[in-house]
Amino acid sequence: MARKPFIAGNWKMNMTAASGEKLIKELAPLVADANCDVALCVPAILIPAMTQAAKGTNIAIGAENVHWAEKGAYTGEISCEQLKEYGVKYAIIGHSERRQCFGETDESVNKRALAALANCITPIVCVGETLEERESGITEKVLDRQLTDGLKDIEDVTKIVIAYEPVWAIGTGKTATDGQAQETIAYIRKKIGQLFCPGCAEKVIIQYGGSMNAANCKGLMAQPDIDGGLIGGASLKLDFATIVNFDK
Ligand code: PGA
């Protein structure tokens, strides 16, 4: 079965309720006929207003993180139940900015992913190597660790989305070449096949992320193992619609 492409935006710590609502209203007609799944992952405080703005459109709203505990003393965190109250369908987990700036580990990524799955929220699990790791030739080793530990105990791997985001390509304007992205994502798919089963690996949606934009999306999306994109900067403007319509 062919994998349905999935383009998701990651607003990070950008936008306000007013500017976000305006953007969603403008994007909605432009992406209405998309042949892929479409989501915007937004700051937690904007979730109520953005779910309202996206009502009746094909834009799903996602979160940028989710905590594993049901509730309790976890200042600054958000629970699955809180997300579900607004019909949130996706949560980005283990973004490199969370790993680098906020001490996220493969172990915490795993706990968050398991909790999301248990609550019918699709985790978008981010993996990827730094420039130093790529240059020292340990990209595959890093990915092996992130996938083995981050996806531990997941029963049905086809229920998650993986975003391969080379850290050196995020927000830098330096995209991986089509070939580099394809090669690494094919490796990730092979590894998923080994950790789970080859049949499941063929079904898992794997996105590319890192300076993906209106100009380079077609080339990236034409690669056989690239099923979508996790879009940062370009999801803050109408370029996002061009990426969603990559096949037109
Ligand atoms: P970018 O961000 O598209 O701005 O590089 C991607 C991401 O961090 O998800």
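Above this text is the structure in question.
What counts as what
By convention here, each chain's residues receive numbers from 1 onward along its written sequence. A pLDDT threshold of at least 70 governs which residues receive local features in this predicted model, and a stricter bar of 80 or more applies before side-chain atom pairs are shown or counted, although totals over entire chains, interfaces and linings include all residues. Neither water nor hydrogens contribute to the side-chain values; these are computed over all heavy atoms in the structure. We call a residue near a molecule or strand whenever a single non-hydrogen atom of that residue lies within 4 Å of it. Whenever a nitrogen or oxygen atom comes within 3.5 Å of another N or O atom, the pair is scored as a polar contact, on the condition that within protein one atom can donate a hydrogen and the other can accept it, and that pairs from neighbouring residues in sequence are kept only if both atoms are in side chains. For the area figures, the Shrake-Rupley method with a 1.4 Å probe applies, and any residue is considered shielded solely by the protein chains shown. Polarity classes work like this: nonpolar for Ala, Val, Leu, Ile, Met, Phe, Trp, Tyr, Cys and Pro, charged for Asp, Glu, Lys and Arg, and polar for all others, with Gly in that last group. Here the term cavity refers to a set of points on a 1 Å grid, laid over the protein atoms alone, in which a 1.4 Å probe fits but cannot get out; the term pocket refers to an open set having protein on both sides within 12 Å along at least five of seven lines, with lining residues being those that place an atom within 4 Å of a point. Grid points are joined across faces, edges and corners, and a volume is the space filled by probe spheres set on the points. We count a stretch as a helix when DSSP gives it H or I for four or more residues in a row; a strand needs E for two or more, and each element gets its number in order from the N terminus. The buried label applies to any residue whose accessible area, calculated with a 1.4 Å probe on protein chains only, is under 20% of its type's maximum; exposed applies above 50%, and partly exposed to all values in between. Between any two strands, pairing holds if DSSP finds at least two bridges. Think of it like this: strands point away, you trace from the first strand over the helix to the second, and a clockwise trace means the crossover is right-handed.

Caption draft 1: Looking closely at the site of the ligand. The immediate surroundings of the ligand are formed by 13 residues, with K12, H95, E165, G171 and S211 found nearest. Between the ligand and K12 there is a distance of 2.8 Å, counted from an oxygen atom to a side-chain nitrogen or oxygen. Note that an oxygen atom of the ligand is positioned 2.9 Å from one of the backbone N or O atoms of G232. Protein burial of the ligand: of its 280 Å² of free accessible surface, 95% is covered by the chains. Grouping the amino acids of the shell around the ligand by side-chain chemistry returns four nonpolar, seven polar and two charged.

Caption draft 2: Local environment of the layout of surface pockets. Of the voids in this model, the largest pocket is the one considered here, and its volume is about 560 Å³. Every residue lining the largest pocket is counted, 20 residues in all, and those nearest its centre are K12, P43, E64, N65 and R98. Top element by residues in the lining of the largest pocket is helix α4 (residues 96-102). It accounts for three residues.

Caption draft 3: The pairing of strand β8 (residues 228-231), seen in detail. The two faces of β8 match: G228 and L230 on one face and G229 and I231 on the other face are all buried. Both strand β1 (residues 6-10) and β8 contribute to a ladder of four bridges, which runs parallel. The partner of F6 across the bridge, within β8, is G228. Relative to β8, strand β7 (residues 205-209) is paired through three bridges, and the arrangement is parallel. Pairing of Q207 across the sheet is with G228, part of β8.

Caption draft 4: Region of the structure containing the pairing of β1. For β1, the tally of buried residues reaches five of five residues, placing the bulk of the element in the interior. In terms of strand pairing, β1 meets strand β2 (residues 37-42) through five bridges, oriented parallel. In the sheet register, A8 faces β2, and the bridge partner there is A39. Where the polypeptide runs from β1 across helix α1 (residues 17-31) and back to β2, its parallel neighbour, the crossover connection is right-handed.

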